[in-house]
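# A look at the structure
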Amino acid sequence: MNKQNTSPKFHAVVTINVKTEFITRNLKVIFTTDGIFYPLLDYFIDNQFKSISWQNNATYIVGLFIDYIFVNKNSDLNNDRNKKIYFMPNFIKLLQNGSITNEGEDSLELFWFPKKISRVNSLIKVLYSFLDWYYKKSGNRDNIFVKDYNDLSMNEKILYLRHWNNRRQTSLLSHMK
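Summary of the structure given here.

Procedures and definitions
- Residues numbered from 1 in each chain as written.
- Predicted model: local features only at pLDDT ≥ 70, side-chain atom pairs only at ≥ 80, totals over all residues.
- Heavy atoms only, no water.
- Salt bridge = Lys/Arg side-chain N within 4 Å of Asp/Glu carboxyl O.
- Helix = DSSP H or I, 4+ residues; strand = E, 2+ residues; numbered from the N terminus.
- Buried < 20%, exposed > 50% of the residue type's maximum accessible area, 1.4 Å probe, protein only.
- Polar contact = N/O pair within 3.5 Å; in protein donor to acceptor, adjacent residues only side chain to side chain.
- Contact = heavy atoms within 4.5 Å.
- Axes fitted to C-alpha atoms, helices over the stretch in contact; angles between N-to-C directions.
- Parallel < 35°, antiparallel > 145°, perpendicular 65-115°, else oblique.
- Nonpolar A, V, L, I, M, F, W, Y, C, P; charged D, E, K, R; others polar.
- Pairing = 2+ DSSP bridges.

### Quick word on the pattern of salt bridges
Side-chain pairs of opposite charge can arise where the charged atoms are in close proximity. All told, the structure shown has one salt bridge when counted by the stated rule. Between Asp-46 and Lys-137 there is a salt bridge whose closest N-O contact spans 3.3 Å. Pair noted here: Asp-46 is in helix 1 (residues 38–46) and Lys-137 is in helix 4 (residues 117–137), with a separation of 91 residues, a long-range link. Lys-137 sits in the exposed class, given a relative accessible area of 53%.

Following this line, the structure appears as structure tokens:
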């Protein structure tokens, strides 16, 4: 059986002191290989009066999403429509079932334990709130489709996935495969 690691795989979380126009507050910051993940920090500043537990949940689920994107970094999302369609459902399924098999193996090496459906639903709600906020705030969202997915930064990959999913859901032909 593999050693189970509950620490983040492809990101680090630190708390920093941020002064806004209204208050000074400790906020969580996610670091990736691209550096500080500024969209989440900006999201926290825009929602600076929300609770610490809300901030912890947002940091947790966005961090898991970043890790999931990293383990799927070689997916050909530009040319494989099915991989794009099932990217979020597979992420949600992995949250619910965990990444460790009954034999104790974890091919993704995420070492995620299963979560209750109610917990997954609340985390996904937080994630989609962040993704929707980020999607609305981003002015260059159409430019990311010109680049190859594997050449995108983490910020751009997250925006790409949300933008593509949003376009698919609002398409008149979304019911067709």
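So that's the structure; there's more coming.
### So, the side chain of Gln-48
Relative to the helices and strands, Gln-48 resides in the loop between helix 1 and helix 2 (52–71). Exposure remark for Gln-48: the relative accessible area of 10% places this residue in the buried category. Engagement of the side chain of Gln-48 in a polar contact is seen with the backbone oxygen of Ile-45, the distance being 3.3 Å. If sequence neighbours within four positions are ignored, Gln-48 has contacts with Thr-20, Phe-22, Ile-23 and Arg-25.

### Considerations on the packing of helix 2 against helix 4
Axis angle and axis distance: for two packed helices, these are the angle between their axes and the distance between the axes, and together they describe the pair. Viewed as axis vectors pointing N to C, helix 2 and helix 4 meet at an angle of 85°, and their least axial separation amounts to 9 Å. Considering their axes alone, helix 2 and helix 4 lie roughly perpendicular with respect to each other. Of the residues in helix 4, those touching helix 2 at Asn-57, Ala-58, Tyr-60, Ile-61, Val-62 and Phe-65 are Arg-119, Leu-123, Val-126, Leu-127, Phe-130 and Leu-131. Taken together, the residues that form the contact of helix 2 with helix 4 break down as ten nonpolar, one polar and one charged.

### Brief notes about the sheet that holds strand 2 (residues 24–32)
As summarised here, the arrangement of the three strands in space is 1-2-3, forming an open sheet in which the pairing is antiparallel. Each end of this open sheet is capped by a strand with a single partner; those strands are strand 1 (12–19) and strand 3 (35–36). When strand 1 meets strand 2, the two strands line up antiparallel, connected through eight bridges. Within strand 2, the position partnered with Lys-19 by the bridge is Thr-24. Of the strands in this sheet, strand 1, strand 2 and strand 3 touch helix 1, which is tilted by about 160° from strand 2.

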